[in-house]
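Breakdown of the fold
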Amino acid sequence: MKALLKERRVAPSILSADFSRLGSQVEEVMDAGARVIHVDVMDGHFVPPITIGPLVAGSIADQVHAAGGAVDVHLMIEAPERHIEAFAEAGADAITFHQEATPHVNRTLAAIRELGCLAGVAINPGTAVEALAELRGLADIVLCMTVNPGWGGQAFIEGSPDKVSRLVPLVGDARIEVDGGIDTTTAGPIAEAGASLFVAGSAVFGADDPAAAYAEIADAAGAV
Ligand code: DX5
Ligand code: ZN
């Protein structure tokens, strides 16, 4: 399961899915080949909106695992260390929190690994890549936000491929994930810069045919 998060993969974000038929939306993209399902958790403090929590992550976890997939949780919440256990129990395979959300990045990464999950740390567009310089070897995933977190459907920030290429030498073996504004146009350049996990919300679930949209973005990213 966790090996999937080491491959080059497009991760559909359920934030843009139709929650009244979440199971069938997840099934559609997994039938098209998706194996990493991205879950966006927002608390109304770290970012203005409130979205979903462990209950919803847990409601799809069995389905995702049964189809050979992994649940990739993205915490956009304050004090993430208080909530990681609940997400691990809900079935998360990877848990990523924001560097800006806690003074205890090192300790929180270790705690996530202790829970048996892959540990990820995210940085906002306004945070310098050097903020991660002391974390080499501690994170399995480094998430470079390519929009300001909080909403789906925003425009990709232009300098993002350059930022990802500056991250590459700082992160050691960690995978670089990108999130926000990823579509068939932006996936190629950001892949070339060094990203290997590509979160796509509106470009997948906002399309008339999410399965076809997924396949086109995966193709553009050179993903499996
Ligand atoms: C934004 C979330 C994203 C969001 C991306 O704060 O972290 O995962 O779903 O949405 P799109 O792909 O529409 O930019
Ligand atoms: Zn996200």
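One can find the structure itself at the top, above this paragraph.
Residues numbered from 1 in each chain as written. Chains lettered and ligands numbered in written order. Predicted model: local features only at pLDDT ≥ 70, side-chain atom pairs only at ≥ 80, totals over all residues. Heavy atoms only, no water.

1. Some words on the site of ligand 1
Within the structure, ligand 1 sits among 20 residues, and Asp40, Gly153, Asp179, Gly201 and Ser202 are positioned closest to it. Contact distances for ligand 1 include 2.7 Å between an oxygen atom and a side-chain N or O atom of aspartate 40. Separating an oxygen atom of ligand 1 from a backbone N or O atom of glycine 153 is a distance of 2.7 Å. Taken by itself ligand 1 offers 380 Å² of open surface, and the protein chains cover 99% of this. Elements supplying a minimum of two residues to the shell around ligand 1: strand E2 (36-42), strand E3 (70-76) and strand E8 (197-200). Per-element accounting of the shell around ligand 1 gives the leading share, three residues, to E2. Residue composition of the shell around ligand 1, by class: eight nonpolar, ten polar and two charged. (Near = heavy atom within 4 Å. Polar contact = N/O pair within 3.5 Å; in protein donor to acceptor, adjacent residues only side chain to side chain. Areas by Shrake-Rupley, 256 points an atom, 1.4 Å probe, with all protein chains shown as cover. Helix = DSSP H or I, 4+ residues; strand = E, 2+ residues; numbered from the N terminus. Nonpolar A, V, L, I, M, F, W, Y, C, P; charged D, E, K, R; others polar.)

2. Let's talk about the coordination of the zinc ion (ligand 2)
All of the protein donors around the zinc ion (ligand 2) are His38 (NE2), Asp40 (OD), His74 (ND1) and Asp179 (OD); their distances to the metal are 2.0 to 2.3 Å. In this structure, the zinc ion (ligand 2) is coordinated by six donor atoms arranged in octahedral fashion, with angles at the metal of 70 to 170 degrees. The sequence motif formed by the donor residues of the zinc ion (ligand 2) is H-x1-D-x33-H-x104-D. One end of the pair, histidine 38, is in strand E2; the other, histidine 74, is in strand E3, with 36 residues separating them in the sequence. We note that histidine 38, like histidine 74, is buried. (Donors = N, O, S within 2.8 Å, 3.2 Å for Na, K, Ca; no water. Tetrahedral: all angles 85-135°; square planar, octahedral: opposite > 155°, others 65-115°. Buried < 20%, exposed > 50% of the residue type's maximum accessible area, 1.4 Å probe, protein only.)

3. Examining the sheet that holds strand E7 (residues 175-179)
The strand order across the open sheet formed by eight strands is E1-E8-E7-E6-E5-E4-E3-E2, and the pairing between neighbours is parallel. The open sheet has two free edges, formed respectively by strand E1 (9-12) and E2, since each of these has just one partner strand. Going across the sheet, the axis of each strand differs from the next one's by a mean of 25 degrees, ignoring polarity. When E2 meets E3, the two strands line up parallel, connected through seven bridges. From the neighbouring strand, histidine 38 faces E3, where its bridge partner is aspartate 72. (Pairing = 2+ DSSP bridges. Axes fitted to C-alpha atoms, helices over the stretch in contact; angles between N-to-C directions.)

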